[in-house]
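# Fold and contact review
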Amino acid sequence: MKLVTVGDVMVDVVADRLPRPAERAHGTVRLRAGGSAVNAALVARSLGADAQVVGRVGRDPAADLILATLGGAGIEASLARDDLPTGTAVALGGAVVADRGANARLSPGDVPSPLRGDALLVSGFALFQDGSREAALAALERFEGQWTAVDLASARLARLDFDARVVFATEAEAAAVPGLEDRYEIVCLKDDYGVERASPFGAGDAFAAAFLVALANGADREDAVRSGRDAAAVVAISF
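All of the points below concern the structure found in this document.

With 14 residues, helix α7 (residues 203-216) ought to run about 20 Å at 1.5 Å a step, and its terminal C-alpha atoms sit 20 Å apart, in line with that. When you tally the buried positions in α7, you get 13 out of 14 residues, the bulk of the element. Taken from the residues just after α7, Gly218 is the one with a positive phi, measuring 100°.

Quick look at the structure:
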């Protein structure tokens, strides 16, 4: 089984607290390859699936870190290079600051044609924002496989102007775009993982990846949801 992921490719910086204004604080800070496409692909590989990441990065050490992470996990990296820096997201406790960097210039020419796999996961951050939108739509159009999926990713950005079989959403995202159940074959809510999250990153991506891996391997919807929640719970406490 092969999962193809299309979306933001980032370096994540995670701090365990948000300092007060002007405070110099000590805490735990972690640096790692991240972004929706990378997170989902890494989870798919941990479940025994093949994975491919389609995205855009800079020509900088951050991109080298991402490529080394993907290569070490045996993930196919279809990453175009850009003069803009690689995207970065910083989490300070529950607060997040993100710089899309090269992700904002993901283009249809960066997307393989045809795009082959058993399941495709497209991030709403790529689909609903200017710059990368046409590339995300191209991925959905070019995919030659059974399952196409979109993670809405943002209640503020989400809209229902794409074709896919599966949609992942939080309750807030689903409420922001009424009509999901009427338009798409499978709609999965991904709020409850049964654990307290250690960071804002990764759990939703893990849910989507594990759900699609299970679905493509023949699981019914209930078992696929169970797989998604299990994977999300692991990531939620460890990311």
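Our next topic: the layout of surface pockets. Here the largest pocket is characterised by a volume of approximately 730 Å³. Lining the largest pocket we find 33 residues, and of these Phe125, Ala153, Pro200, Phe201 and Asp205 sit closest to its centre. Those elements that provide at least two residues to the lining of the largest pocket are β2 (10-15), α1 (36-46), β7 (95-99), β9 (119-123) and α7.

Another aspect to go through is the sheet that holds strand β4 (residues 50-57). A sheet is described by the order of its strands in space; here 7 strands give the open sequence β5-β4-β1-β9-β11-β12-β13, paired in parallel fashion. Of all strands in the sheet, those with a lone pairing partner are β5 (76-81) and β13 (186-189), marking the two edges. With strand direction ignored, the average angle separating the axes of adjacent strands in the sheet is 15°. Looking at chain direction, strand β1 (residues 2-6) and β4 are connected through 5 bridges and run parallel. The residue of β4 that forms the bridge with Lys2 is Asp50.

Once that is clear, we can look at the packing of aromatic side chains. For the structure shown, the criterion picks out 5 aromatic pairs. Here the aromatic rings of Phe162 and Tyr184 are separated by 5.0 Å at their centres, their planes lie at 15°, and the arrangement is stacked. Of this pair, Phe162 sits in the loop between β11 (147-151) and β12 (166-169) while Tyr184 is found in the loop between α6 (180-183) and β13, placing the two residues 22 residues apart along the sequence. Assigned by exposure class, Phe162 and Tyr184 land together as buried. Look at Phe207 and Phe211: their rings are 6.3 Å apart centre to centre, the planes differ by 15°, and that puts the pair in the stacked class. Here Phe207 and its partner Phe211 are both found in helix α7, 4 residues apart, which amounts to about one turn of the helix. With relative accessibility at 1%, the residue Phe207 sits in the buried group. Owing to a relative accessible area of 0%, Phe211 belongs among the buried residues under this scheme. Ring pairs connect the aromatic residues Phe128, Phe162 and Tyr184, which therefore count as one cluster. The ring centre of Trp147 lies 3.8 Å from the NZ or CZ of Arg165, which sits over that ring.

Another aspect to go through is the packing of α1 against helix α2 (residues 61-73). In the contact formed by α1 and α2, the axes pass within 10 Å of each other and the chain directions differ by 20°. With respect to each other, α1 and α2 are oriented roughly parallel. Classified by chirality, the crossing of α2 by α1 is left-handed. Where α1 abuts α2, its residues Val38, Leu42 and Arg45 lie against Ile66, Thr69, Leu70 and Ala73. Taken together, the residues of the contact of α1 with α2 sort by class into 5 nonpolar, 1 polar and 1 charged.

This part takes up the pairing of β9. β9 sits mainly inside the fold: 5 of its 5 residues count as buried. Residues of β9 alternate between two faces, with Ala119, Leu121 and Ser123 on one and Leu120 and Val122 on the opposite face, all of them buried. Strand direction decides the pairing type here: β1 and β9, joined by 4 bridges, are parallel. In the strand pairing of β9, Leu3 is matched with Ala119. Here β9 pairs with β11 via 5 bridges, running parallel. Bridge pairing links Leu121 to Ala149 in β11.

Right, let's get into the side chain of Asp60. One can find Asp60 in the loop between β4 and α2. No salt bridge is formed by the buried Asp60; its nearest oppositely charged neighbour, Arg81, is found at 5.6 Å. A polar contact is formed between the side chain of Asp60 and the side chain of Thr86, at a distance of 2.7 Å. Not counting residues up to four positions away in its chain, the partners in contact with Asp60 are Arg81, Pro85 and Thr86.

Calculation notes
Residues numbered from 1 in each chain as written. Predicted model: local features only at pLDDT ≥ 70, side-chain atom pairs only at ≥ 80, totals over all residues. Heavy atoms only, no water. Helix = DSSP H or I, 4+ residues; strand = E, 2+ residues; numbered from the N terminus. Expected span 1.5 Å × (residues − 1). Buried < 20%, exposed > 50% of the residue type's maximum accessible area, 1.4 Å probe, protein only. 1 Å grid on protein atoms, 1.4 Å probe; cavity = no way out; pocket = protein on both sides within 12 Å on 5 of 7 lines; lining within 4 Å. Points joined across faces, edges and corners; volume = space filled by probe spheres on them. Pairing = 2+ DSSP bridges. Axes fitted to C-alpha atoms, helices over the stretch in contact; angles between N-to-C directions. Phe/Tyr/Trp six-rings, centres within 6.5 Å; stacked < 30°, edge-to-face > 60°. Lys NZ or Arg CZ within 6 Å of the ring centre and 35° of its normal. Parallel < 35°, antiparallel > 145°, perpendicular 65-115°, else oblique. Left-handed = near helix turned anticlockwise from the far one by under 90°. Contact = heavy atoms within 4.5 Å. Nonpolar A, V, L, I, M, F, W, Y, C, P; charged D, E, K, R; others polar. Lys, Arg positive; Asp, Glu negative; His and termini not counted. Salt bridge = Lys/Arg side-chain N within 4 Å of Asp/Glu carboxyl O. Polar contact = N/O pair within 3.5 Å; in protein donor to acceptor, adjacent residues only side chain to side chain.

Take it as geometry only, folks, not as evidence of what the structure does.
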